[in-house]
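# Chain and residue survey
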Amino acid sequence: MPAIRLKRGREKPVLHRHPWIFTGAVRETQGEPQPGDVVDVLDQNGAFLARGYYNPHSQIVVRLLTWNEEAIDAAFWRRRLETSIARRQGFAQDERTTAYRLVYAESDGLPGLIVDRYGGADGHWLVVQFLALGLEPWRRTIVGLLAELLAPRGIYERSDVEVRGQEGLGGVSGLLYGEEPPPLVEILEEGLRFGVDLRQGHKTGFYLDQRENRCFVADYCAGAEVLNVFAYTGGFGVYAAQKGARRVIHLDSSADVLRLAEENMARNPSPGTEAKYVAGDAFQVLRAYRDAGRRFDVVILDPPKFAYSQRQIPSATRGYKDINMLGMALLRPGGTLATFSCSGLVNEDLFQKVLFGASVDVGREVRILRRLSQGPDHPVLLTFPEGAYLKGFICRVE
Ligand code: SAH
């Protein structure tokens, strides 16, 4: 087995079961491993520490798979997939929710692998992302196992994401097994219906990570005028309408996703809700609303990721501050701000400080009522805190 030997003193994170080896920790490479091969990771004295896949083109030179001297073969992938699927038993038994994440990469001991399930009325599809080079040799094994273990109608790949570039891989998408999904797969989430475009939708089609948060936020929406900013296909707004919102304005820069938002609102009739769809840049539209004196009872801010690297943290925090100042300014006294950041590099502490800055600058007194994070199908492994990326607050704004 080819191996990499670590520099002195660099074994501690490995012993603590952090799954990444960075290039700077490597003292030497033994046995000429090829990109994507499985290698052993050795301490400075050559003793076995762990085993994982090797990618000399990535800052993360090894992604660890195991801390035992076990074979990485089809039986290994089967065990890992079975365990990950078994962790979602609660979801499997919940008939009101048919779409959830089955495999969350490093956090499920399957580095770089995402598997989301989208259940329709007559069968379900799996959407997978292979985000690490080391997975490439195992594609067929993994797809075969998923087909066998989960009996989907089809398995669709959506590895058309930027992070693959950091692994030296291009984007790919397309059918891997079974039937092409229909243009929209109709899923259930908490008993609500959503059409999901598995081929073109964001991520694997739907923001599954916000499921529980949509419920929490909806609790503040009865009788309310709600501004759903960064609406995508309507998620938060559909829940708000079901809870009796008087009015929901869906705002997004993409007219295409707003058409789906409108369809999703229609899938879940709520006659008492007046719904509007506004295509435009959130920063500009919110500023115009503020200047025109428009006010709301609930403002939801769920922007896309602003920080992709350390270097972008300052501009990301400025963006978060701007949008949150506008959100606060648009609320009636006693209104509710539900605000999120999915930038892993902006941690909860920093995000709270940004909100503090925004509240001071707009002169509003703000209280955090609830702290939010990603749903339980996106668990955070304690040895891999990087798996925590979504954070949010429900705030009361006086
Ligand atoms: N809240 C959604 C997910 C939001 S994803 C849900 O629960 O499903 C972020 C959305 O912001 C995307 O739909 C994207 O089209 C939109 N977006 C990105 N930049 C924007 C901008 N400057 N103004 C308005 N919308 C924007």
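The shown structure was predicted, so the numbers you read here are calculated from the model rather than taken from an experiment.

## Notes on the environment of L145
By the secondary structure assignment, L145 is in helix α4 (residues 139-150). Residue classification places L145 among the buried residues on the basis of a relative accessible area of 6%. Put simply, L145 and W77 are 68 residues apart on the chain and 8.1 Å apart in space, counted from C-alpha to C-alpha. Excluding residues that lie within four positions of it along the chain, L145 makes contacts with A74, W77, R78 and L81.

## So, the domain arrangement of the protein
Entries for the protein in the domain assignment read domain 1 (3-66), domain 2 (74-185) and domain 3 (207-397). The centre of domain 2, based on its C-alpha atoms, is set 28 Å off from the matching centre of domain 3. Facing the 12 residues of domain 2 at the interface are 15 residues of domain 3. Roughly 1,100 Å² is buried in total at the junction of domain 2 and domain 3, and carbon and sulfur atoms are behind 65% of that figure. If you look at where domain 2 meets domain 3, you find zero salt bridges. For the side of domain 2 that touches domain 3, the elements supplying multiple residues, two or more each, are β7 (99-104) and β8 (113-120). Per-element accounting of the side of domain 2 that touches domain 3 gives the leading share, four residues, to β7.

Thresholds, definitions, all that
- Residues numbered from 1 in each chain as written.
- Predicted model: local features only at pLDDT ≥ 70, side-chain atom pairs only at ≥ 80, totals over all residues.
- Heavy atoms only, no water.
- Helix = DSSP H or I, 4+ residues; strand = E, 2+ residues; numbered from the N terminus.
- Buried < 20%, exposed > 50% of the residue type's maximum accessible area, 1.4 Å probe, protein only.
- Contact = heavy atoms within 4.5 Å.
- Domains from an automatic or database assignment.
- Buried area = accessible area lost by both parts, 1.4 Å probe.
- Salt bridge = Lys/Arg side-chain N within 4 Å of Asp/Glu carboxyl O.

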